[in-house]
Amino acid sequence: MRLLIVDDEQFAVEGLLYCCEWKAYGIEEVLTANRADKAREILNDHRIDLLICDIEMPDEDGLSLVGWVREHSPWTETIFLTCHSEFSYAKKAVNLGSFDYLLKPVDTDELLSAVSGMIAAIREKEEYESYNQMYHKYLNLWQKEKPKRVERFWQDLLSRSILSFGDFFERELAGASVGLNTDDMVLPILISIEEWSKTLSPRDQEIMEYAVKKAAEECFTEEYQGEAVTDKSGVMFILLYAKSVAGEHATEKPSIQKLTAMGKRFIQACEEMFFSIVTCYVGSFKPLQELPGICESLKIMERDNISRTQSVLLYMPQDQMFVSLNSDDILLDDLISYMLNGKRESAVQFIHNLTEKLEANPCFQGRNLDALHQDTLQIIYHFLQVRGINAGSIALFTDWTTARIRGLLQYRHWAEGIVSAVMEAEFERQEKGGVIERSIRYIQQNVEEEISRASVADYVGLNPAYLSRLFKKETGQNLIDFLISVKMNRTRELMDTTDMSVSAIAQQVGYSNFSHFTKMFRKQFDVNPQEYRKVTKRLD
């Protein structure tokens, strides 16, 4: 940083020049001038960050000089020095954007305090400009980006809007031009933005989410082929591909150690560049038809994670104890039991184990497959009846139930898909009412406590990022915005019905930072709390 001292009195210049060790304050060079025209020459030749300027000078007063500086060197912060304390001088100094206005003789401690404040303001401005450049870079990319056919394919597959078996799936895969074959495999990584360390508007947050998505794509697909996808429910995934040739995987699969290292670098970059706290949930390589199931399992991991953030978490099956295959007659009783108890992974594993045993049975014939198909449909309808779910509320339910099954492998993909679809419908139905209602009730009952998004999530036993997405999806409002709205409405109620001071009310509703409280009140009601109190008193 450079400092310029402008004063027509030489002893005053020297006093400022040697009053302290300027390098200790981060000022590498100090320049001086005893006339306004000399100061202009220096400002034209050098970038000056700080200007200490006397107001009364014989050739031109300092106010006029700083007016010129504002036009030609707008980044320069200014402190005025004067022997006069007239209000007119102070008013002009304020109008010119002066950082401070000090009377001569200047107290050294007072001057250094003002300079320290100027330096902090300059660094804050530089940080903001750096952030602004990065922000606009991603803004431009975000505005130019258009939906891609590949991402739409993955979105449809993950939401089970594609029948993932037989000719149906082959046609969809070929039409999307993904570059994969039906026997290729994919590893999903769920990217969960837990929270933002910087306050962002909804639009800025959307742009920064896009920046995180692009950064994740750059980090994980730099060495391995893949795609960054946001599914239809707003969850971000990285999908890494493993292509196969004649049954042998031609694409090198990243090791767990490699994925963990990439995830840690990505998490650190998100914190430093995008003001975001991120957790990565790493799945395992699965055939394309089984991708929706493993992605749903990662969502369950995220939902249940309430303690480990900024981590790379590896997928492990929730239930390691699956149905035994020792019996000669395999019944479907366990399948409906798993479904009614909400154990989707156990139900899917039951289907996998069942088909493996039937494939090894040389007596298994087509008529047995038809019976198995019909029995599975009966279980599906029984589950819907017991849970009171309308079949019409499940996407593509008619297509699922009328599809023809021509082999055990197709049965496996079909059964996994339809079981997962109906269980997800039940889970969403339960979660929509209970969790959101409990969250709202908790906020309303604890409006006068210092609560946060994290404390609400902890109360309902869910991951904060997962709860925020669910709350926004079901109410159309951000969780933190709703929390602030409830607190501000309680604030207004206390102002209208009590004689408590504004600062006391701020403490009452859980705000220890009065400046932040005032900012939130103004944002909610377009007026400062003090002004609101004055108006209501006049009305009374």
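Residues numbered from 1 in each chain as written. Predicted model: local features only at pLDDT ≥ 70, side-chain atom pairs only at ≥ 80, totals over all residues. Heavy atoms only, no water.

**Student:** Sorry, what's going on with the overall build of the protein chain here?
**Tutor:** Helices and strands together make up the secondary structure of the protein chain, namely 21 helices and 13 strands. Out of the 540 residues belonging to the protein chain, those deemed buried represent 47%. Across the protein chain, the fraction of contacts at a sequence separation of at least 24, relative to all contacts at a separation of at least 6, is 70%. Accessible area for the protein chain stands at about 27,500 Å²; split by element, carbon and sulfur atoms hold 47% of it. (Helix = DSSP H or I, 4+ residues; strand = E, 2+ residues; numbered from the N terminus. Buried < 20%, exposed > 50% of the residue type's maximum accessible area, 1.4 Å probe, protein only. Contact = heavy atoms within 4.5 Å. Areas by Shrake-Rupley, 256 points an atom, 1.4 Å probe, with all protein chains shown as cover.)

**Student:** Would you mind going over the pairing of strand β11 (residues 276–282) with me for this structure?
**Tutor:** Regular strands place their side chains on alternate faces of the sheet. Burial analysis of β11 places 7 of its 7 residues in the buried class, which makes it a mostly covered element. Residues of β11 alternate between two faces, with Ser 276, Val 278, Cys 280 and Val 282 on one and Ile 277, Thr 279 and Tyr 281 on the opposite face, all of them buried. In this sheet, β11 lies alongside strand β6 (residues 185–196) in antiparallel orientation, the contact comprising 7 bridges. Opposite Ile 193, over in β11, you have Val 278 as the bridge partner. (Pairing = 2+ DSSP bridges.)

**Student:** Would you take a moment to explain the nonpolar core for this structure?
**Tutor:** The nonpolar side chains of soluble globular proteins are, as a tendency, buried together. In terms of nonpolar packing, the biggest core is built from 38 residues, with Ile 189, Ile 191, Val 212, Phe 220, Phe 266 and Phe 274 touching the most fellow members. Among the secondary structure elements, those contributing two or more residues to this core are α5 (108–144), β6, α8 (202–220), β8 (236–242), α9 (256–273) and β11. If one sorts the elements of this core by residue count, α8 sits on top with 8 residues. Beyond its immediate sequence surroundings of up to four residues, Phe 274 is in contact with Met 134, Tyr 138, Trp 196, Met 208, Ala 211, Val 212, Ala 215 and Ala 269. (Core = buried A, V, L, I, M, F, W, Y, C linked by side-chain atoms within 4.5 Å.)

**Student:** Looking at this model, I keep getting lost on the state of the cysteines. Mind explaining?
**Tutor:** The term disulfide refers to a covalent linkage connecting the sulfur atoms of a pair of cysteines. Within the structure shown, the criterion is met by 0 disulfides. Not engaged in a disulfide, the cysteine Cys 20 finds its nearest cysteine sulfur in Cys 19; these two sulfurs lie 4.1 Å apart. (Disulfide = S-S within 2.5 Å.)

**Student:** Sorry if this is basic, but what is going on with the pattern of salt bridges here?
**Tutor:** Side-chain pairing between opposite charges can occur once the charged atoms of the two side chains come close. Considering all chains together, one arrives at 16 salt bridges under this definition. Its salt-bridge partner being Asp 156, residue Lys 232 comes within 2.8 Å of it at the nearest N-O pair. Highlighted residues: Lys 232 in the loop between β7 (226–230) and β8 and Asp 156 in helix α6 (residues 149–158), separated in sequence by 76 residues. On the accessibility criterion, Lys 232 (51% relative accessible area) is exposed. Of the charged contacts, one joins Glu 296 and Arg 344 as a salt bridge, the two residues approaching to 3.6 Å between their closest N and O atoms. Of this pair, Glu 296 sits in helix α10 (residues 291–304) while Arg 344 sits in helix α12 (residues 344–359), and the two are 48 residues apart along the sequence. Arg 344 shares its class with Glu 296; the two are buried. The structure contains a network of salt bridges with shared partners spanning Arg 160, Glu 296 and Arg 344. (Salt bridge = Lys/Arg side-chain N within 4 Å of Asp/Glu carboxyl O.)

**Student:** I tried to follow the packing of α6 against α10 on my own but got confused; where do I start?
**Tutor:** The interhelical angle for the contact between α6 and α10, taken along N-to-C directions, is 75°, at an axis separation of 8 Å. Classified by the interaxial angle, the pair formed by α6 and α10 is roughly perpendicular. Counted together, Trp 154, Leu 157 and Leu 158 of α6 and Leu 291, Pro 292 and Cys 295 of α10 form the full contact between these two elements. (Axes fitted to C-alpha atoms, helices over the stretch in contact; angles between N-to-C directions. Parallel < 35°, antiparallel > 145°, perpendicular 65-115°, else oblique.)

**Student:** Help me understand α12 in this model?
**Tutor:** Every α-helix winds through 3.6 residues per turn, so residues three or four apart in the chain are directed the same way. End to end, α12 covers 23 Å across 16 residues, agreeing with the expected 22 Å (1.5 Å per residue, within 8%). In terms of burial, α12 is a largely internal element, 12 of the 16 residues being buried. (Expected span 1.5 Å × (residues − 1).)

**Student:** What's the story with the environment of Met 273 in this structure? I'm lost.
**Tutor:** Inspection of the secondary structure assignment puts Met 273 in helix α9. Note on Met 273: relative accessible area 41%, which makes it partly exposed. Residues Met 273 and Ala 215 lie 58 residues apart in sequence; the distance between their C-alpha atoms is 10.0 Å. Those residues in contact with Met 273 that sit more than four places away from it in its chain are Met 134 and Met 208.

**Student:** Would you mind showing me how to read the side chain of Asn 528 here?
**Tutor:** Residue position: Asn 528 is located in the loop between α20 (514–525) and α21 (529–539). Engagement of the side chain of Asn 528 in a polar contact is seen with the side chain of Arg 522, the distance being 2.9 Å. (Polar contact = N/O pair within 3.5 Å; in protein donor to acceptor, adjacent residues only side chain to side chain.)

**Student:** Would you take a moment to explain the packing of helix α16 (residues 453–460) against helix α17 (residues 464–475) for this structure?
**Tutor:** Packed helices, taken two at a time, are described by the angle between their axes plus the distance between the axes. The N-to-C vectors of α16 and α17 enclose an angle of 90°; their axes lie 9 Å apart at closest approach. By the angle between their axes, α16 is roughly perpendicular relative to α17. For the pair α16 and α17, the contacting residues are Arg 453, Ala 454, Val 456, Ala 457 and Val 460 in the first and Pro 464, Ala 465, Leu 467 and Ser 468 in the second. Residues of the contact of α16 with α17, tallied by class, amount to 7 nonpolar, 1 polar and 1 charged. (Nonpolar A, V, L, I, M, F, W, Y, C, P; charged D, E, K, R; others polar.)

**Student:** Just checking my understanding: could you explain the side chain of Thr 76 for this structure?
**Tutor:** Note that Thr 76 resides in the loop between α3 (62–72) and β4 (77–82). Of note is the side chain of Thr 76, whose polar atom sits 2.6 Å from the side chain of Ser 73.

**Student:** Even after reading the chapter, I still don't get the confidence of the model for the protein chain, so can you show me in this structure?
**Tutor:** A low pLDDT means the predicted coordinates there should not be read in detail. In the predicted model, the protein chain carries a mean pLDDT of 83, and the fraction of residues at 70 or more is 89%. Note that residues 320–328 has pLDDT below 50 and, in this model, 16 contacts with residues that lie over four places away or in other chains. (pLDDT = per-residue confidence, 0-100.)

**Student:** Got a minute to help me understand α10 in this structure?
**Tutor:** Compared with an ideal rise of 1.5 Å per residue, which puts 14 residues at 20 Å, α10 spans 20 Å between its outermost C-alpha atoms and is within 8% of the ideal. For α10, the tally of buried residues reaches 12 of 14 residues, placing the bulk of the element in the interior. Of the residues making up α10, those classed as buried are Leu 291, Pro 292, Gly 293, Ile 294, Cys 295, Glu 296, Ser 297, Leu 298, Ile 300, Met 301, Glu 302 and Arg 303.

**Student:** Whenever I open this one, the packing of aromatic side chains confuses me. Can you help?
**Tutor:** Any pair of aromatic rings gets described here by the distance separating the centres and the angle formed by the planes. This model, assessed by the stated rule, comprises 16 aromatic pairs. Between the aromatic rings of Phe 517 and Phe 521, the centroid separation amounts to 6.4 Å while the plane-to-plane angle is 40°, which identifies the pairing as tilted. Taken as a pair, Phe 517 and Phe 521 lie in helix α20 at a separation of 4 residues, close to a single helical turn. A residue is classified by how much of its surface remains accessible, and Phe 517, at 0% relative accessible area, is buried. For Lys 198, the ring lying beneath its charged end belongs to Phe 275, and the centroid distance is 5.3 Å. (Phe/Tyr/Trp six-rings, centres within 6.5 Å; stacked < 30°, edge-to-face > 60°. Lys NZ or Arg CZ within 6 Å of the ring centre and 35° of its normal.)

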